Amino acid sequence: MTSGRRRTVALVVCGLGWLAATGTASAHGGSLAGGGRESLTIPTWLFLSTGGAAVGASFLLASFVTDRAFIERIHDWGRPLSGSFEGILRLAGQLIGLAGLAAVFVVGFIGPTNARTNLAILLVWVGWWAGLTMTTYLVGNSWATLNPFKTLAGFLPTLDRSYPARVGSWPAVGGLLVLVWVEVVSPLADQPRLLASVVAGYATVTLAGALVFGPDDWFAHADPVERVFRYYGRFAPIGRDEDGLRLRLPGMDLSTPRLVDGPDEVAFVIALLWVTTYDGLVTTPAWRDLTTPLVASGVPPHLLYPVALAVGFAGFLGVYRLAVRLSRDMSDTYLTPAVLARRFAPPLVAIAVGYHFAHYLGYFLVLAPSLAVTLTSPFANPAVVPTVDLPAWFSAVALASVIVGHLVAIWVAHAAAYDLFPARMQAIRSQYPFIAVMVFYTMTSLWVVSQPEVALPHL
C-alpha cells in the first residue's frame, strides 16, 4: 500500500475511532426549542459506520455505474422560468426586507422583553436564520433581493475606493466565524435589546464598507451573510444564469467551474461547513464533559468557545487540504493542489445544506406558530404562545437529511472529477481521499445530530 493510500485510510480510521469512543448514540428529533427528545438508543459504532458505509457505497455506485454522457444529461437538465413579474417581485422583496429590519429595531428595543413573545427574536432566529435559509437551498436565493442592508446601501453615496484584491473574501471568513461565536456565547436568543443592538452594529459595519468600497464589491467579497446565502442558493432548484431564472436539479449547479475561485473562498466553504457543526457540538454532553475539568482547573470558560471554534475550523480545513494533496498524488495529474482545492470545495456546500436542514428544521417547526402570533400582535405579551410537539419519528428526518446532503456532495464531486480528468480511472482515483474526508464529515455530523441537547456549559 502506498503512503498516500495509508494516509487516506488513516483519515477514516481516526474519524471512526474518535466518534465511536463516545459510547452510544441517542437518535432524537433535534428541536432546539427544548423539550425531551427520547428515542431508541443504538450503539454509536453501528449508527456511524452505517452512515459512513452509505456514503462509501454511493461513491462506488456513482463511479462504476455512470458514464460521462449520463452525468452531462443530469447536470445540463433545466427549464427556463418566466421573468415577466421580476421587477415587481424585486421591489416587493426589497420593501419586505426593509420592513423586517425596521421590525427588528422597533420591537427589539421597545417590545416585550420575553424572548418567546418578542417578534425581533422570533423573526431573526426562526423566520430568517432557520426559515428563510431553508427556503434558500430548497427553493432559491431570495436574500439577494430581501437583503435590507444592500437596499439601503444602494441609496447611499459611495467613495468607490478600489477593493484590495489581496484581501479577497478573507473578511467574510473571519466575519462568519465571529458571528457564529457571538451567537453561541451571547444571549442573543434571549435578550431582544441586545439582539437589536448587535444588528445595528452589523448594519453600521456593512453600510460603512459599502460606502467606502461600493455595494457591489462589498457584498460580493466581504459580507459574510450575503456569501452564505449565495452559496446556499447554488444548491437550490431555482437559480439564475445569463438567460434569467432557470429550474434545475437540486445541487447540480455546485459542479459549475470557478464557483469557488481562490484559497479564501475555499476557506469560506469550509467555515460554512464547520460553523453549523460547531453550533451543535457545543450543546452536546461530550462537550460539557470535556470542558468541565478544564474549567475546574482554572481555564476561563469564555476562552474555551473561541479556541474550539478556531481549532475546529483549522482541523476541518487541514483535513481538506490533506485530501487535496493525496488526490493529486493518486490521480497523477499536472493540476496544482490549488486548482483541485477550488474545484472540489463546492460539493461541500451540499453537506452544509444537509446539516443545516437537520439542525434547524425541528427548531423552525416548533416555533413557527409563535412567530405567526407575534407577527399579528408584535407588541402583545401573551402568557402562552403556541408551539408544535414533534413526533418521535421526526429524528429520522434529521438523520436522513445529513445522509442525503453527503450523497449529493459525492455525486457533484464525481461530476467535477469527470470534468477535470480525461481518463475514467484517473477521475475515480482522484476521489478516494475526498470520499474518506466526506465519510469523516458524515460521521461527525451524524454524531452531533444524534446527541441529546444540553444547555451551554459554564456560560
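Residues numbered from 1 in each chain as written. Predicted model: local features only at pLDDT ≥ 70, side-chain atom pairs only at ≥ 80, totals over all residues. Heavy atoms only, no water.

Draft legend 1. A look at the sheet that holds strand 4 (residues 238–241). A sheet is described by the order of its strands in space; here three strands give the open sequence 3-5-4, paired in antiparallel fashion. Edge strands, defined here as strands with exactly one partner in the open sheet, are strand 3 (78–80) and strand 4. For this sheet, the mean angle separating the axes of adjacent strands, direction not counted, is 40°. (Pairing = 2+ DSSP bridges. Helix = DSSP H or I, 4+ residues; strand = E, 2+ residues; numbered from the N terminus. Axes fitted to C-alpha atoms, helices over the stretch in contact; angles between N-to-C directions.)

Draft legend 2. Geometry of the packing of helix 8 (residues 170–185) against helix 14 (residues 301–331). The interhelical angle for the contact between helix 8 and helix 14, taken along N-to-C directions, is 140°, at an axis separation of 10 Å. Accordingly, the angle class assigned to the pair helix 8 and helix 14 is oblique. The handedness of the crossing between helix 8 and helix 14 comes out as right-handed. Mapping the contact onto sequence places Val-173, Leu-177, Trp-181, Val-184 and Val-185 in helix 8 and Tyr-305, Pro-306, Leu-309 and Phe-313 in helix 14. Of the residues in the contact of helix 8 with helix 14, the class split is nine nonpolar, no polar and no charged. (Parallel < 35°, antiparallel > 145°, perpendicular 65-115°, else oblique. Left-handed = near helix turned anticlockwise from the far one by under 90°. Contact = heavy atoms within 4.5 Å. Nonpolar A, V, L, I, M, F, W, Y, C, P; charged D, E, K, R; others polar.)

Draft legend 3. Representation of the side chain of Gln-426 within the structure. In this structure, Gln-426 sits in helix 18 (residues 424–450). The buried category is assigned to Gln-426, whose relative accessible area is 12%. There is a polar contact of 2.9 Å between the side chain of Gln-426 and the backbone oxygen of Ser-331. Discounting residues that sit within four places of it in the chain, Gln-426 has contacts with Ser-331, Asp-332, Thr-333 and Phe-421. (Buried < 20%, exposed > 50% of the residue type's maximum accessible area, 1.4 Å probe, protein only. Polar contact = N/O pair within 3.5 Å; in protein donor to acceptor, adjacent residues only side chain to side chain.)

Draft legend 4. Structural detail: helix 8. Spanning 16 residues, helix 8 covers 23 Å between terminal C-alpha atoms, matching the ideal 22 Å at 1.5 Å per step. Burial in helix 8 covers these residues: Ala-172, Val-173, Gly-175, Leu-176, Leu-177, Val-180, Val-184 and Val-185. At its buried positions, helix 8 is contacted by helix 10 (215–222), helix 11 (224–235), helix 12 (263–281) and helix 14. (Expected span 1.5 Å × (residues − 1).)

Draft legend 5. Broad picture of the pattern of salt bridges. A complete count under the given rule lists seven salt bridges for this structure. Linking Asp-253 and Arg-248 is a salt bridge whose minimum nitrogen-to-oxygen distance equals 3.5 Å. Look at Asp-253 and you get buried, because its relative accessible area is 16%. Overall, Arg-248 belongs to the buried group, its relative accessible area being 12%. A salt bridge links Asp-261 to Arg-258, with the shortest nitrogen-to-oxygen separation between them at 2.6 Å. A relative accessible area of 34% means that Asp-261 is categorised as partly exposed. (Salt bridge = Lys/Arg side-chain N within 4 Å of Asp/Glu carboxyl O.)

These values are about where atoms sit, not about what they do.
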